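Next come the chains, spelled out residue by residue.
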Amino acid sequence: MIVVTGATGNIGRPLVAELVRRGHDVTAVSRAGSAPFDSPLVRGVSADLAEPEGLRAAVDGADALFLLVPGSGGHLDTERIIGIAAEAGVRRLVLLSSLGAVTRAGSASHGPLAELEKRVQGSGLEWTLLRPADFASNALAWVPTVRSERAVHAPFGDVALPAVDPLDIAEVAAAALAEDGHAGRAYVLTGPAAVSPRERTEVLARALGVPIAFVEQTRDEARADMLAYMPEPVVDGTLGILGEPTPQEQQVSLDIEKVLGRPARTFGDWVRRNVAAFGG
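One structure accompanies this document, and this report is about it. (Residues numbered from 1 in each chain as written. Predicted model: local features only at pLDDT ≥ 70, side-chain atom pairs only at ≥ 80, totals over all residues. Heavy atoms only, no water.)

**Focus on the overall build of the protein**
Here is step 1: The number of helices and strands found in the protein is 13 helices and nine strands.
Here is step 2: Computed over the C-alpha atoms, the radius of gyration of the protein is 19 Å, within 12% of the 19 Å expected from 2.2 N^0.38 for a compact globule of 280 residues.
Here is step 3: For the protein, the spread of C-alpha atoms along the three principal axes comes to 55 × 40 × 35 Å.
Here is step 4: Looking at the protein as a whole, 51% of its 280 residues are labelled buried.
Here is step 5: When contacts within the protein are restricted to residue pairs at least 6 apart in sequence, long-range pairs at least 24 apart make up 74% of them.
Here is step 6: With the model as given, the accessible surface of the protein reaches about 12,200 Å², and the carbon-plus-sulfur share is 50%.
Here is step 7: Both charge centroids of the protein, one from 26 positive and one from 35 negative side chains, sit 3 Å from each other. (Helix = DSSP H or I, 4+ residues; strand = E, 2+ residues; numbered from the N terminus. Rg over C-alpha atoms; globule rule 2.2 N^0.38 Å. Buried < 20%, exposed > 50% of the residue type's maximum accessible area, 1.4 Å probe, protein only. Contact = heavy atoms within 4.5 Å. Areas by Shrake-Rupley, 256 points an atom, 1.4 Å probe, with all protein chains shown as cover. Lys, Arg positive; Asp, Glu negative; His and termini not counted. Charge placed at Lys NZ, Arg CZ, Asp CG, Glu CD.)

What follows is the structure in C-alpha cells.
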C-alpha cells in the first residue's frame, strides 16, 4: 500500500490516479479526507501534517509514502512525521522538495526544505528526492485577468525558466514509489525548454485563439498580489527565483526523460490540458 499526502492537489491527484492505473492500493491523505477518487483501490483519510499523530492510521501497513509539505514545511514537526512513518513499517519515502533547497539552501524561503532533505536522507528509509523548478501550473494565477480582460499580469516578462508540468512530477513520483532503482537519488524536474512569462502568454493566446496582452508588473506589485496567498518568506524566495534565477535554476534537466523514457511535457502541453480554466 502506498500513502499519498496532499492527495487533492495539482500533483497528488494525478499521482493517485497513476498509482491506481498501475494497480496499487493507495491511501489518499488530505485535510478534507473525502477526495473524490472513484476507485476501490483508493482509501481517503483525513489527516493534517500539522498534527503528526493523526498520520499514524494512514501509514499503518504502508510500504511507501509520498511526502508533500505545505509551503516550506518550516512550521511542521517533520522529524516526527518521518519517525511515525518509519515506526509503521514504511520502507520507501519520496519527498517533494524543490530545486531551491539546493540553490537557495541558506534562505528563509528554502532553508527549511534543505533541512527536511537532510532528515529524509538520514531517516534510514529508501529515500528519493524530487526537486522541481518552476511549475507550469503557476499560470493558473493568471486565470482571473485572462477571463476578465484578456491580459496576463506578471513580473519579469523576459526571464525564462524551464517550467515543469505537475503531471510529469506525478509520474516520476509514481515510478519512485512503485519501482526499484530510485533509492538514494535526487531528481531535478524541469520542462524541456526555458520559457519566459511573455512567451507563455503567447502560448496561452494561441491555445485560446484570442489575443492576450502581457502587462509587466513591478516586483512590488507582484509581491503584493502573492502575499494574499503565500507566506512572506516564500513570496520573497519565489520572486528571487523568478527575477534573478541562478544558472542552475535556468538549466534544463533530463531527469524526467531518464526516469520515464520520454521527453518532459512542454508548457504548451500543460496549457492544452487546462485551457478550459482560462475560458477556452
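**Here we look at helix H7 (residues 166-178)**
Here is step 1: Here H7 is 13 residues long and its end C-alpha atoms lie 18 Å apart, about the 18 Å a rise of 1.5 Å per residue gives.
Here is step 2: Within H7, burial applies to Pro166, Leu167, Asp168, Ile169, Ala170, Glu171, Val172, Ala173, Ala174, Ala175, Ala176 and Leu177.
Here is step 3: The backbone nitrogen of Leu167 has a side-chain oxygen 2.9 Å away, supplied by the residue at the start of H7, namely Asp165. (Expected span 1.5 Å × (residues − 1). Polar contact = N/O pair within 3.5 Å; in protein donor to acceptor, adjacent residues only side chain to side chain.)

**Regarding the pattern of salt bridges**
Here is step 1: In this structure the tally under the stated criterion is 26 salt bridges.
Here is step 2: Its salt-bridge partner being Glu87, residue Arg56 comes within 3.2 Å of it at the nearest N-O pair. Here Arg56 is found in helix H2 (residues 56-59), whereas its partner Glu87 is found in helix H3 (residues 78-87), with 31 residues between them in sequence.
Here is step 3: The exposure class assigned to Arg56 is partly exposed, which follows from its relative accessible area of 31%.
Here is step 4: Three or more residues are tied together by salt bridges with common partners; here these are Glu18, Arg21, Arg22 and Glu179. (Salt bridge = Lys/Arg side-chain N within 4 Å of Asp/Glu carboxyl O.)

**Structural notes on the sheet that holds strand S3 (residues 42-46)**
Here is step 1: The strand order across the open sheet formed by seven strands is S3-S2-S1-S4-S5-S6-S8, and the pairing between neighbours is parallel. Strands at the two margins of the open sheet, each flanked by one partner only, are S3 and strand S8 (185-189). Mean inter-strand twist for the sheet, computed between neighbouring axes without regard to direction, equals 15°.
Here is step 2: Relative to strand S6 (residues 126-132), strand S5 (residues 92-96) is paired through five bridges, and the arrangement is parallel. The partner of Val94 across the bridge, within S6, is Thr128. (Pairing = 2+ DSSP bridges. Axes fitted to C-alpha atoms, helices over the stretch in contact; angles between N-to-C directions.)

**Notes on the pairing of S6**
Residues in a regular strand point their side chains to alternate faces of the sheet.
Here is step 1: Across the seven residues that make up S6, a large majority, six, are buried.
Here is step 2: Two elements, S6 and S8, share five bridges in a ladder whose sense is parallel. Of the residues in S8, the one forming a bridge with Thr128 is Arg185.

**Quick word on the side chain of Asp134**
Here is step 1: Note that Asp134 resides in the loop between S6 and helix H6 (143-149).
Here is step 2: According to the relative accessible area criterion, Asp134 is buried, its value standing at 11%.
Here is step 3: A polar contact of 2.8 Å, which involves the side chain of Asp134, links it to the side chain of Arg200.

**Digging into the environment of Pro247**
Here is step 1: As for its placement among the helices and strands, Pro247 is situated in helix H11 (residues 247-250).
Here is step 2: Each C-alpha atom of the pair Pro247 and Ile81 lies 34 Å from the other, and the pair is 166 residues apart in sequence.

**Description of the packing of aromatic side chains**
Here is step 1: Here the structure, examined in full by the defined rule, presents two aromatic pairs.
Here is step 2: Between Phe267 and Trp270, the ring centres sit 5.9 Å apart and the planes meet at 25°, which makes this aromatic pair stacked. Separated by three residues within a single helix, Phe267 and Trp270 lie in helix H13 (residues 267-274), roughly one turn from each other. Summarising the burial analysis for this pair, Phe267 and Trp270 share the class buried.
Here is step 3: Note on Trp270 and Phe278: the rings are 6.2 Å apart at their centroids and 80° apart in plane angle, and the pair reads as edge-to-face. (Phe/Tyr/Trp six-rings, centres within 6.5 Å; stacked < 30°, edge-to-face > 60°.)

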